[in-house]
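# Report on the structure
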Amino acid sequence: MSDKLKGKERLDRQIIALRVAKEFQDGDVVNLGTGIPMLASNFIPAGREVVFHSENGILGFGQITLPGEGELDVVNAGGQTVQRQPGMSFFGHDESFAMIRGGHIDISVMGAYQVSEKGDLANYMIPERKVGTIGGAMDLAFGAKKLIIAMNHTTKEGKPRIVKKCSYLITAPKCVDLIVTDIAVIAVTKRGLVLKEVAPGWKPKEVQSLTQPKLIVATDCHDIELM
Amino acid sequence: MPINKIVASFDEAVADIEDGAVIMVGGFGTVVSIPTLLLEALDRKGVKNLTTVSNTTGFGADVWRMQGAPFPEDMDILVRNGRIKKAIVSAPVSALYVNNFEKLLRAGKVKIEMVPQGTLAERVRAARAGLGGVYVPVGVGTVMEKGKEKKTIGGREYLLELPIKADFALIHAHKGDRWGNLVYRGTSRTFNPTMAGAAKVTIAEVDEIVELGELDPEVIVTPGVYVDRVVARPKIAPAEEPSEEVETADAQAIESRRRFQAEIEDVIKAAKERGLRHE
């Protein structure tokens, strides 16, 4: 990566989450993974009803509570206490994954180590430790109707995370629909990866230089829009 | 003679679990969902070479003590005391820190079979439901395919996943009666009702034992037929009347929530200032 790009301002975690939240429409059933995806639950505009699902058996919960404020028996999959709200339900594990596998989850958002040109996802083996934790990621990647990945565009060393072929073990093949990063929004399509939005101040060719596969720049490619 | 599945102590409840047994452990990861006191009793018994079936391999009691959990032990008590030979598990390690299980794994002292969480639930459910296996789409085109029969049904590929059978299922519920009927509380349901009845013997650790008939048949989650033993946790002293201290804590909570909302608004404001359109 050139020094010029290294110093260039990128979107922070909160703003990536804010952009992800734009994808949630009224009535959508949404499962959020830990990290940046979970933050998106804080950015649902008033009046929009989004039903959050968490694989530990809870549907229709509210915002993450403050530390010490919630009930230990009302948590999301990351173990964070969440607010009760009308319409919420609890269920066991086989039921929770029947929802996931059976196509009843509209949108799943998770983080990733790598996404390939074809939409293959690698996000369960921790690269530097050579161990992994699969959890519910594989079920969600196979089962959710739409899969959004929220991640940094490059590794700490500045290497592309969007690659021609994943070098890590994959969670699921051809499953990613949309990638929201700290510099771009990219759709995975049959034609290839389409660059739809860039962070303010970023040019499509700069995003391309940090992305391994060839990007198709959308004719209406514009600055990232929120909400 | 009246049916009575209630046993008097945790040690009695696990007395017939022997070395080498296959043990299902209910709950998710958070300690409140786990059969904590059964795990402690099993550890006291000193069994070895267990095969465990669970969602995680534990985070350790210190994490939960910090949260104020009255019964803070989780799977880690079996891990750190070397009781496990093999773990069938979905989330064995943590991305945030190296747990005791990962240390044993690296040292080659424990075996692992990692299973996607939903497949784990369905393999356990298959055992409870008496099925010979289930065809699951999850894992096709990944390393999970290895050694499994693949079948195309209605144009989609599936893997044959076999039932996981166990000798004992240790679960945690909120209330139970002498027939073994159980209800749960909040997100502490998770793997508990899934595992109830999936082993030769199911032992339920409950917060409270109630009279037969007290649980509304419309809301019983686990019918007693799946449960063999019920054992109650010691009662925790009920919370005292809110003191001034609690009121101060409430005021603090309101204040920090206000600050939290303000932070969210700041994020949106900062985004706008950077030229990001937001309505």
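Keep in mind it's a predicted model, so treat the numbers as computed, not measured. (Residues numbered from 1 in each chain as written. Chains lettered and ligands numbered in written order. Predicted model: local features only at pLDDT ≥ 70, side-chain atom pairs only at ≥ 80, totals over all residues.)

## Details of the overall build of chain A
- Each helix and strand counted, chain A has six helices and 16 strands in total.
- For chain A, the C-alpha radius of gyration of 17 Å lies close to 17 Å, the compact-globule estimate for 227 residues.
- Looking at chain A alone, contacts between residues at least 24 apart form 61% of all its contacts between residues at least 6 apart. (Helix = DSSP H or I, 4+ residues; strand = E, 2+ residues; numbered from the N terminus. Rg over C-alpha atoms; globule rule 2.2 N^0.38 Å. Contact = placed C-beta atoms within 7 Å.)

## Comments concerning the environment of Asp-220 of chain A
All names here are of chain A.
- Inspection of the secondary structure assignment puts Asp-220 in strand β15 (residues 215-223).
- Under the C-beta neighbour-count criterion, Asp-220 is labelled exposed, with 7 such atoms within 10 Å.
- In this structure, the C-alpha to C-alpha distance between Asp-220 and Gln-83, residues 137 residues apart in sequence, is 40 Å. (Buried ≥ 20, exposed ≤ 12 C-beta atoms within 10 Å, placed from the backbone.)

## Brief notes about the environment of Asp-19 of chain B
All names here are of chain B.
- Mapped onto the elements of the fold, Asp-19 is located in the loop between α1 (10-13) and β1 (22-25).
- Residues Asp-19 and Phe-59, spaced 40 residues apart in sequence, show a C-alpha to C-alpha distance of 24 Å.
- In this structure Asp-19 touches Val-47, Lys-48 and Asn-49, once residues within four positions along its chain are discounted.

## So, the pairing of strand β13 (residues 184-189) of chain A
All names here are of chain A.
- Of the strand pairs in this sheet, strand β12 (residues 178-180) and β13 are connected by three bridges, and their pairing is antiparallel. Looking at the pairing, Val-180 lines up with Val-185 of β13.
- Connecting β12 to the next strand, β13, in antiparallel fashion are three residues.
- Judged from the six bridges that link them, β13 and strand β14 (residues 192-198) form a sheet pairing that is antiparallel. (Pairing = 2+ DSSP bridges.)

## Points about the interface of chain A and chain B
- At the junction of the two partners, chain A supplies 44 residues and chain B supplies 48 residues.
- Looking at the side of chain A that touches chain B, the elements that each hand over two or more residues are α2 (13-21), α4 (93-101), α5 (137-143) and β16 (225-226) of chain A.
- In terms of residue count, the dominant contributor to the side of chain A that touches chain B is α4 of chain A (five residues).
- Its residues assigned to classes, the side of chain A that touches chain B comprises 24 nonpolar, 11 polar and nine charged. (Nonpolar A, V, L, I, M, F, W, Y, C, P; charged D, E, K, R; others polar.)

## A few points about the environment of Lys-109 of chain B
- Along the chain, the position of Lys-109 of chain B falls in the loop between α5 (100-106) and β4 (111-114).
- Residue Lys-109 of chain B is classed as exposed on the basis of its C-beta count, with 12 C-beta atoms lying within 10 Å.

## Overview of unusual backbone geometry
Residues and elements named next belong to chain B.
- Positive phi, normally seen in glycine, also occurs at Asn-49, with a value near 55°.
- Inspection of the secondary structure puts Asn-49 in the loop between α2 (36-45) and β2 (50-56).
- Positive phi, normally seen in glycine, also occurs at Thr-190, with a value near 35°.
- Tracing the sequence through the fold places Thr-190 in the loop between β9 (182-183) and α7 (191-195).

## Here's the deal with the confidence of the model for chain B
- Across chain B, the average pLDDT comes to 91, with 89% of residues at or above 70.
- Both confidence scores are given for the complex: pTM 0.92, ipTM 0.94. (pLDDT = per-residue confidence, 0-100.)

## Here's the deal with the sheet that holds strand β5 (residues 107-110) of chain A
- Read across the open sheet, the 10 strands follow the order β4-β3-β2-β1-β5-β10-β12-β13-β14-β15 (chain A); overall the sheet is mixed. If you trace the sheet from one side to the other, it starts and ends with β4 (89-90) and β15 of chain A, each paired once.

## Examining the pairing of β5 of chain A
Residue and element names in this part refer to chain A.
- What you see with β5 is no split at all: Ile-107 and Val-109 on one side and Ser-108 and Met-110 on the other are buried throughout.
- Here three bridges tie strand β1 (residues 29-32) to β5, and the two strands are oriented parallel to one another. Of the residues in β5, the one forming a bridge with Asn-31 is Ser-108.
- The sheet contact formed by β5 and strand β10 (residues 146-150) spans four bridges and is parallel. Note on β10: the bridge partner recorded for Met-110 is Ile-149.

## What about the sheet that holds strand β7 (residues 121-122) of chain A?
Residues and elements named next belong to chain A.
- Across the sheet, three strands lie side by side as β7-β6-β11; this open sheet has mixed pairing. Pairing within the sheet leaves two strands with one partner each, and these edge strands are β7 and β11 (162-163).
- Judged from the two bridges that link them, strand β6 (residues 114-116) and β7 form a sheet pairing that is antiparallel. The residue of β7 that forms the bridge with Gln-114 is Ala-122.

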